[in-house]
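# Structural overview for review
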Amino acid sequence: MTIDKSWTQIRKRSNLVVFWQGLQSFLQMAKPHVNDRGFIRCPCNRCINNAQHQLEVLETHIHRFGFMSDYNEWIYHGENVNAASSSNVPQPNSGVHDRDEMFEVLEDIISNDAEVDQLGSQSSNVQYDDLFTALNSELYPGVSSFSSLNFLVKLMHLKVMNKWTNKSFDELLKLLKLAFPKIDLVESHYEAKRLMTKMGLGYQSIHVCKNDCALFWNENSMSETCPVCSKSRWKMQEGRRTGKNVPHKVLRYFPLAPRLKRLFATSKTAKLMRWHQAGKSTDDNVMRHPVDGRAWKDFDRKHPEFADDVRNVRLGLAADGFNPFNNMSISYSMWPVVLTTYNLPPWLCMKPEYLMLSLLIPGPQSPGKDMDVFLRPLIEELKELWENGIDTRDAGNDRKVFKMRAALLWTVNDFPARSSLSGWSGQGYKACPTCNEDTPSMRVIGKTAYFGHRRFLPSTHRWRSNLDFDGRTERKRPPRRFSSVDIMDQLRRVKTSIPGKHPNYGGVKRKRGDDELNWRKKSIFYELPYWAEIELKHNLDVMHIEKNICDSLLGTLMGDPHKSKDTDNARRDLQHLGIRSELHLYEDGNKLMKPAAEYTFSEANRRKFCRFVRSVKFPDGFAGNLSKNVAHNDSRIVGLKSHDCHVIMQRLLPVGCRSLVNKTISSTIIELCTFFNQLCARTVNVTDMVKAQDQLVIILCKLERIFPPAFFDIMIHLVLHLPEEAILGGPVYMRWMYPFERYLKRLKDYVRNAAKPEGSISEGYVVDEALTFCSRYFDDIETRFNRPDRNDDGIHRTSRLFVFESQCKPMGKQSQVYVEKNVRDRAEFYILNNSPEIETYLKVHAPEVTHELLSLASKSNIFVSSYPACIVNGVRFVTHARDVRLKTQNSGVSVPGTENEIFYGQLQQILEFSYLNDFSVVLFKCKWFRCDSRRMVTENNITSINITSESYKDDQFILASQAQQVFYVEDPSRGPNWRIVQHVNHRSIWDITEDGMSDIDLLQDNSSSNFTLFVDLGNLPQINLQRNDGDVIPIVQPFTTVSQHVNETASFLNDDDEDEDDVSEEDDETVEESADEETDEGNDDVDTEEDDDDRSYHTSDSD
């Protein structure tokens, strides 16, 4: 039978029907000859039988690229199968390595990009011509291990990984050309980047009105002037357009759908996109991922058709401003909008490789209230992905096509950015978005204080009638809970505002009406069909809340003139309220004096606290070196970044303040810090959050009794709503700004041309995106996906005996030491006693004799290897003798006992005992502290231990794999011989396996249940807040008597509260823009936080 092959020579566009019919006949003939995976060689002009694909990919390739002209006998596809060795049949290109990873890369890219449409919908696409040319070219004549494309991609990847400059890359290419004249390689970095861009997903440049009124997009794409303010689209010089049309602003939009499709294009990530289904907790009381939160479950219940397919994508959105220049004196605010995919496991979804840049909003001014103008393209695509979805090939399911849909779960922003996105202003008496119009607030001198949390107490609580808080009895009910129906009813009363900043249009100041409350606009997110019903729309950012509270607490305790809330005006507020007379300002002759408060450190205690912070040494990679933040004269702590505040709040402040302030005050601060420990745990217990919700009310009331009303800015109040958000959204480490702030640092590194920072970032991102995708396929070079951890302990030999698996990666100089017989006997006894496999011998007396059992029975070598440091299970341990000379502390160890007790000690020696057949066991010789009730005391979740009393001198050994790391800090309240025990939870070690089905911890617990939040009511109302050391502070200012000043401010304080609600939208915008400071450079000497946002939402209270 003659096979009609004439169709292979037809140009597709000249006779499409004949070509298509011939192609279908060819596919039917080839179908019986696919392999067991459904793959067969592809005879298109690009693959030329080198690569194998499924039949639907063959159809796409041949239709797009044409049929190879010299493939005359279809031996791989059913014709004359026995003639597979025929010499006249072109064989796969032998000049290029058969297993070139780039074949698989391009296969996945092309099959992902291929449309699944009807006949004739595809057109010829030459996008990949240069890529296939480079793929089919040998790097050098006779070199079959690399194609030209493979070598170039790996070389570009090394450039990105090691941060080579463009010039150094150009010089390297010149050197390679000079050393290997026949090498097939590009001439410059520019050409290499242009080639890499063809594997990327690109972006759209959308022109923007100079006043942010509108986008020149869709119906306005051809307009020459703004449809709102009528300003020209183009830059003008002396009233005339420049020679080339240059737009005022350009928004870069990175389409979402192709980036989501690429997650399913490779089996390396397609399987991970289903993790949320298999990995969710089986215990309704335990939350390890947003899938365990109430908001996710409620969304699934309301939209079952979306939840039925686990491959449908759940997204989170973050937006923040940053300065792209190293010179922070330049005022410039660029706003990236970043998306994360919550389908992925918790250890991946916040990694920068899985974050997607969606929008790059140009500077130099922040978008402010006009954020919705810039979000328009993204919202339109999200609506399309929700309503219609998009056909996607799933590499994790035999490349079958499914309809992928996507939904936006929530946003993650700091509080000023939250106002821009949500439409609810964060200023004024009603600043709290949860309490809404019932926000507890009051007017104090120069600001609004969010004071009055007794209204959250039960109606019969005795504190409601106590006058020591603010001089009044609290009779208000707790704030109402506003449902989605209530919110939509409020939004219907909000007047539509004109976008933009033109002084005659969107820039006109407009005062909000009483019925508009704090709403400035109806957010564009409400155009999403499901948005109104989402329980948790905009997350409160724990990172910035914790930092602001730490700054307020630490600044007030330390008496910092720039950050203290205990200002002169704060004392005058107390006088006006008629409370805490012991803290009132008073006259002493011609001086106005301020009594020292009990909630501030004396000068001696301030220095003691600074010395305590200076003395702290953290484990490797745990935190920055805080001693650098302590002033040289031990008087101040300055320059704290967000992560520094995180560590101080949860680790140091509870310890350091215990002996320096009144016990009632210190216990209240410790209770607040304990709550943040609970909240920030990787595994959150719902019951803990429910209890914390009630206990936080007591804590805030206690703080109100201690600190003046001016202390309570909006950040203090927002803490009250964090437990409820944790119940809705799950663990906060997937809903805070830390990963997004670090991601801004990566974007900042893309800037090569300071004159065009947005363009530099966009081009750099697209290239890096393509290289990141390619690097998933590389095993022979180091990539972001196979790069070993800094404390990676390598791969150890497997063993049938447990003790021989106690291995480590030694560090430092090896030394051979002689161990006395009695010590070696104890060590060998410990090894035998920890070998459960020997029980078989003890019971049967005739076990199977293996090399391992023989080695263990033959005793160890008389000489033992000793090391000063090692890495075990991803954790670095250092002997105490070496630790004292370092800036870090890695010698603290702990081990659980048989009766749930915990033993603490210090690592003295790291010893490797060698056995026959190259087997060895690594033991830690430790100094164990006595842990009886006299020498170990636990109070308020703080464990203090006496380090002078040693125990278990005859039982000092443990297996290296049994050790858990702790570190010790001084205990100022108990003396120099006492240390506070701090457990370590390593970021790179998770308590969840990749299949998500195990609840066994890999190192140690990090659960909210590890911290018991117990609130003691005590005798709080009777506390005397004047420090008993008699210290007073003279006020240096023009003299005004106390009575005169109180009379002058009384009328101001008694003004109608509605004046504050009458703030205009422009006033709100000014405050939020001033709060939106740019990110600072991170601390390069630690692996904690590369780029922090040091902004503080509240303004300084200093005079």
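Further up the page is the structure itself.
Summary of the structure given here. None of these values were measured; they are calculated from a predicted model.

## Some points on the nonpolar core
Side chains of a nonpolar character, in soluble globular proteins, are inclined to be buried together. Ranked by internal contacts, the top residues of the largest apolar core, which has 193 residues, are Leu260, Phe609, Leu653 and Phe676. Per element, the largest residue contribution to this core is eleven residues, and it comes from helix α21 (residues 686–706). When residues no more than four places from it in sequence are discounted, the contact partners of Leu260 are Val313, Leu315, Thr341, Met356, Leu385, Met404 and Ala406. Membership of the second largest hydrophobic core comes to 57 residues, among which are Ile109, Tyr128, Phe151 and Met199.

## Observations concerning a nonpolar patch on the surface
On the surface, Tyr818, Ile862 and Phe863 cluster together into a nonpolar patch covering about 320 Å² of accessible area. Tracing the backbone shows Phe863 in strand β23 (residues 863–867). Residue Phe863 is classed as partly exposed on the basis of its relative accessible area, which comes to 46%.

## Topic: the sheet that holds strand β25 (residues 875–878)
An order of β21-β24-β25 is seen for the three strands of this open sheet, with the pairing classed as antiparallel. Every other strand in the sheet has two partners, leaving β21 (809–811) and β25 as the edge strands with one partner each. For this sheet, the mean inter-axis angle between neighbouring strands, taken without regard to orientation, is 25°. The sheet contact formed by strand β24 (residues 869–872) and β25 spans four bridges and is antiparallel. The residue of β25 that forms the bridge with Ala869 is Val878.

## Quick notes on the sheet that holds strand β35 (residues 1032–1035)
In spatial order, the strands read β18-β19-β35; together these three strands make up an open sheet with antiparallel pairing. Where the open sheet ends on each side, the last strands, each with one partner, are β18 (586–588) and β35. Neighbour to neighbour, the strand axes of the sheet diverge by 45° on average, direction disregarded. As paired elements, strand β19 (residues 591–595) and β35 share four bridges and run antiparallel to each other. Across the sheet, Lys594 pairs through a bridge with Ile1033, a residue of β35.

## A look at the packing of helix α5 (residues 148–162) against helix α7 (residues 189–197)
As a packed pair, α5 and α7 sit with axes 11 Å apart at the nearest point and diverge in direction by 105°. The angle between α5 and α7 places the two elements in the roughly perpendicular class. Two secondary-structure elements touch here, α5 through Leu149, Leu152, Val153, Met156 and Lys159 and α7 through His189, Ala192, Lys193, Leu195 and Met196. A per-class count over the contact of α5 with α7 returns seven nonpolar, one polar and two charged.

## Description of the environment of Ser667
Note that Ser667 resides in helix α20 (residues 663–679). On the basis of relative accessibility, which here comes to 16%, the residue Ser667 falls in the buried class. Each C-alpha atom of the pair Ser667 and Val1015 lies 8.6 Å from the other, and the pair is 348 residues apart in sequence. Within the local environment of Ser667, its side chain forms a polar contact with the backbone oxygen of Thr664, the two atoms lying 3.0 Å apart.

## Details of the packing of α20 against α21
For the pair α20 and α21, the least separation of the axes is 10 Å and the interaxial angle reads 150°. Judged by the inter-axis angle, α20 sits roughly antiparallel to α21. Our pair here, α20 against α21, has a crossing hand that is left-handed. Only Asp688, Met689, Ala692, Leu696, Ile699, Lys702, Leu703 and Ile706 of α21 make contact with α20, whose side of the interface consists of Thr664, Ile665, Ser667, Thr668, Glu671, Leu672, Phe675, Gln678 and Leu679. The residue inventory of the contact of α20 with α21, partitioned by class, reads ten nonpolar, four polar and three charged.

## Brief notes about the pattern of salt bridges
A full pass over the atoms with the stated rule returns 47 salt bridges. Among the ionic pairs, Arg784 bridges to Asp768, the shortest N-O distance being 3.1 Å. With Arg784 in the loop between α25 (757–775) and β21 and Asp768 in helix α25, the pair connects residues that are 16 residues apart, well separated along the chain. Comparing Arg784 with Asp768, the two get one shared label, buried. Between Arg935 and Asp932 there is a salt bridge; the shortest N-O distance is 2.8 Å.

## Quick look at the state of the cysteines
One pass over the full model with this rule turns up zero disulfides. Not engaged in a disulfide, the cysteine Cys213 finds its nearest cysteine sulfur in Cys229; these two sulfurs lie 3.8 Å apart. Free cysteine Cys432: the closest other cysteine sulfur is in Cys435, separated by 3.8 Å. A relative accessible area of 0% means that Cys432 is categorised as buried.

What counts, and where the lines are drawn
- Residues numbered from 1 in each chain as written.
- Predicted model: local features only at pLDDT ≥ 70, side-chain atom pairs only at ≥ 80, totals over all residues.
- Heavy atoms only, no water.
- Core = buried A, V, L, I, M, F, W, Y, C linked by side-chain atoms within 4.5 Å.
- Buried < 20%, exposed > 50% of the residue type's maximum accessible area, 1.4 Å probe, protein only.
- Helix = DSSP H or I, 4+ residues; strand = E, 2+ residues; numbered from the N terminus.
- Contact = heavy atoms within 4.5 Å.
- Patch = residues over 30% accessible without salt bridge, like charges linked within 9 Å, V, L, I, M, F, W, Y side chains within 5 Å.
- Areas by Shrake-Rupley, 256 points an atom, 1.4 Å probe, with all protein chains shown as cover.
- Salt bridge = Lys/Arg side-chain N within 4 Å of Asp/Glu carboxyl O.
- Pairing = 2+ DSSP bridges.
- Axes fitted to C-alpha atoms, helices over the stretch in contact; angles between N-to-C directions.
- Parallel < 35°, antiparallel > 145°, perpendicular 65-115°, else oblique.
- Nonpolar A, V, L, I, M, F, W, Y, C, P; charged D, E, K, R; others polar.
- Polar contact = N/O pair within 3.5 Å; in protein donor to acceptor, adjacent residues only side chain to side chain.
- Left-handed = near helix turned anticlockwise from the far one by under 90°.
- Disulfide = S-S within 2.5 Å.

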